[in-house]
Amino acid sequence: MKTVVILGASFAGLHVAHALLKKNNGKVKVIVVNKSTHFYWNLASVRAIIPDQIKDEDIFKPIDQALLGYPKANYELIIGEATAASFENKVIEVLVSADNKIRALAYDQLVLATGARSASPSVPWKASGNYEDTRECLDQIRGRLLQAQHVVVAGAGGTGIEVAGELGHEFGKTKNIILLSAGPSLLNGDPTGTAAVQELKRLNVTIKYGSRVQEARPREDGKMELVLINGETIVTDLYLPTTGLIPNTEYIPAKHLSSDPAYRSVLVDACMRVDGATDVWACGDVVSKPRAGFFITQKQAAGVAKNVLAAIAGQEPVAVKGPPVDIFACAVGRSRGVGRMNSIRLPSFMVWLAKGRTLAMQMVSGYINGGVA
């Protein structure tokens, strides 16, 4: 029996696991390693911080429930974290949470899907560690939001706009909501940025341009003092940074990673094979090629699963194609949004219908029952 080890069980890793287990003919064992016991639908985190909007049980699902439908002999779930990798020896070292001991896992095929984390551990846009840590992070922000009168969101990318939009929708008439943009426009100059400005203004969100946070200083009174790169200082009740992702690649030898010190992503070829390694594949935010994105991750996961099965069968892999069109959609509050399909602007109602209405939470079940694959 061949052994496939999958590191990570979020959008990429769990997708690959389902695809392999569904097509399993009894000749493959899938070992899934994940730091958290629960799958986290972080796409809804921007709304989950608003009190009484989203129940935790709707965005957190036990990973073991996702695997129960498959023969027990065909899979193993390990709650733990990869700490070292030897691609030459085909061995991964994992720190197992249950006993805090290192376990060496030998593999025939390896899938790297450990994703990325937020640069700040105090926000829930990505899983911040284990299940309990992420839930506690959400609860703390909800509690502080109820007390806060002044909230600063730093970062004018998609996440920052969605967070500011949710805050404006709920609190725009009663609280001071500020969005900081490091540059002269929103969304780094994307054509939808102008529309996002108009939508945020409707929700009473104040936008400050050329305002990158240089330092955040906690004060004794519980407030946060933000020092901007332009010298300005802002004192706020709640600071929500949305900038900066850090790939979870510390366990991977440096020669397989990008040389960019700010984003050490995994280097892969067109087939999603890790450069310089044999029988090692990667997909999702750990790659961020051409960029991090949900639909891109879905395509990559499906392609990696097919190539892993091909490799086991002694066949050549094929290039993994991305989405047929470049779609960008950004919810702005609970009733509107901005987006485009290639260069064609999408109506606000269409973005709301496709994303903003539910933040795609109807897709969660597919990652648990296997429908995603």
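Coordinates for the structure precede this section.
In what follows, the accompanying structure is described. (Residues numbered from 1 in each chain as written. Predicted model: local features only at pLDDT ≥ 70, side-chain atom pairs only at ≥ 80, totals over all residues. Heavy atoms only, no water.)

If the charged atoms of two oppositely charged side chains come close together, the side chains can form a pair. The tally for this structure, following the rule as stated, stands at 24 salt bridges. Taking the shortest distance from any N to any O, the salt bridge between Lys255 and Glu88 comes out at 3.1 Å. Of the two residues, Lys255 sits in the loop between strand E17 (245–247) and strand E18 (280–282) while Glu88 sits in the loop between strand E5 (75–86) and strand E6 (91–96), which places them 167 residues apart along the sequence. Both residues of the pair, Lys255 and Glu88, belong to the exposed class. (Salt bridge = Lys/Arg side-chain N within 4 Å of Asp/Glu carboxyl O. Helix = DSSP H or I, 4+ residues; strand = E, 2+ residues; numbered from the N terminus. Buried < 20%, exposed > 50% of the residue type's maximum accessible area, 1.4 Å probe, protein only.)

A few words on the sheet that holds strand E2 (residues 28–34). Strands in a sheet are paired, the pairing made by backbone hydrogen bonds, and the direction either parallel or antiparallel. If you trace the seven strands from one edge of the open sheet to the other, you get E7-E6-E5-E2-E1-E8-E18, paired in mixed fashion. Only two strands of the sheet have a single partner each, and these edge strands are strand E7 (101–106) and E18. The mean angle between the axes of side-by-side strands here comes to 35°, regardless of whether they run parallel or antiparallel. Where strand E8 (residues 109–112) meets E18, three bridges bridge the pair, whose relative direction is parallel. Paired with Leu110 across the bridge in E18 is Val280. Sitting on the sheet, helix H1 (residues 11–22) touches strand E1 (2–7), E2, E5 and E8, and the angle it makes with E1 is about 160°. (Pairing = 2+ DSSP bridges. Axes fitted to C-alpha atoms, helices over the stretch in contact; angles between N-to-C directions. Contact = heavy atoms within 4.5 Å.)

Judged by pairing direction, the sheet is parallel, and its four strands sit side by side in the order E12-E11-E10-E16 without closing on themselves. Both edges of this open sheet fall to strand E12 (205–208) and strand E16 (238–241), since each of them pairs with a single strand only. The average undirected angle you get between the axes of adjacent strands in this sheet is 20°. Where strand E10 (residues 150–154) meets E16, four bridges bridge the pair, whose relative direction is parallel. Counted as the bridge partner of Val153 is Leu240 from E16.

Let us look at the packing of aromatic side chains. Evaluation of the coordinates by the stated rule reveals 12 aromatic pairs. Between Phe11 and Phe39, the aromatic rings sit 5.8 Å apart at their centres with planes inclined by 80°, giving edge-to-face as the arrangement. You can see Phe11 sitting in helix H1 and its partner Phe39 sitting in strand E3 (residues 38–40), a full 28 residues away along the chain. The pair formed by Phe11 and Phe39 is uniform in burial state, with each residue classed as buried. Taking the centre distance of 5.2 Å and the plane angle of 80° together, the rings of Phe11 and Phe294 count as edge-to-face. One end of the pair, Phe11, is in helix H1; the other, Phe294, is in helix H8 (residues 294–312), and 283 residues separate them in sequence. (Phe/Tyr/Trp six-rings, centres within 6.5 Å; stacked < 30°, edge-to-face > 60°.)

What follows is about the environment of Ala154. With respect to the helices and strands, Ala154 occurs in strand E10. Counting along the chain gives 207 residues from Ala154 to Met361, while the straight-line C-alpha distance between them is 25 Å. In this structure, Ala154 is in contact with Leu180, Val213, Tyr239, Leu240, Pro241, Thr242 and Thr243, ignoring residues within four places of it in sequence.

It is worth spelling out a nonpolar patch on the surface at this point. A cluster of nonpolar side chains, Ile327, Met341 and Ile344, forms an exposed patch at the surface whose accessible area comes to about 250 Å². For Ile344, the location among the structural elements is in strand E21 (residues 344–346). Note on Ile344: relative accessible area 52%, which makes it exposed. (Patch = residues over 30% accessible without salt bridge, like charges linked within 9 Å, V, L, I, M, F, W, Y side chains within 5 Å. Areas by Shrake-Rupley, 256 points an atom, 1.4 Å probe, with all protein chains shown as cover.)

With that out of the way, let us pick up the nonpolar core. Membership of the largest hydrophobic core comes to 108 residues, with the highest contact counts inside it found for Trp41, Ile49, Phe87, Leu112, Leu167, Leu186 and Leu240. With eight residues, H1 is the single largest residue contributor to this core. With sequence-adjacent residues up to four places away left out, Leu112 is seen in contact with Leu7, Phe87, Tyr251, Ile252, Val266, Val274, Val280, Trp281, Ala282, Cys283 and Val286. Grouped together as the second largest cluster of nonpolar side chains are nine residues, Val152, Ala154, Met224 and Ile234 included. (Core = buried A, V, L, I, M, F, W, Y, C linked by side-chain atoms within 4.5 Å.)

The end-to-end C-alpha distance of H1, which contains 12 residues, comes to 17 Å, matching closely the 16 Å that a straight helix rising 1.5 Å per residue would cover. Among the 12 residues that make up H1, 11 are buried, leaving the element largely enclosed by the rest of the structure. For H1, the set of buried residues is Phe11, Ala12, Gly13, Leu14, His15, Val16, Ala17, His18, Ala19, Leu20 and Leu21. (Expected span 1.5 Å × (residues − 1).)

With that settled, the discussion passes to the environment of Arg334. By secondary structure assignment, the location of Arg334 is in the loop between strand E19 (327–332) and strand E20 (336–341). With relative accessibility at 21%, the residue Arg334 sits in the partly exposed group. In this structure, the C-alpha to C-alpha distance between Arg334 and Arg144, residues 190 residues apart in sequence, is 21 Å. When neighbours within four sequence positions are excluded, Arg334 is seen to be in contact with Arg47, Ile50, Gln53, Glu166, His169, Glu170 and Trp352. At a separation of 3.4 Å, a polar atom in the side chain of Arg334 contacts the side chain of Gln53. Reaching out from Arg334, the side chain makes a polar contact with the side chain of Glu170 at a distance of 2.8 Å. (Polar contact = N/O pair within 3.5 Å; in protein donor to acceptor, adjacent residues only side chain to side chain.)

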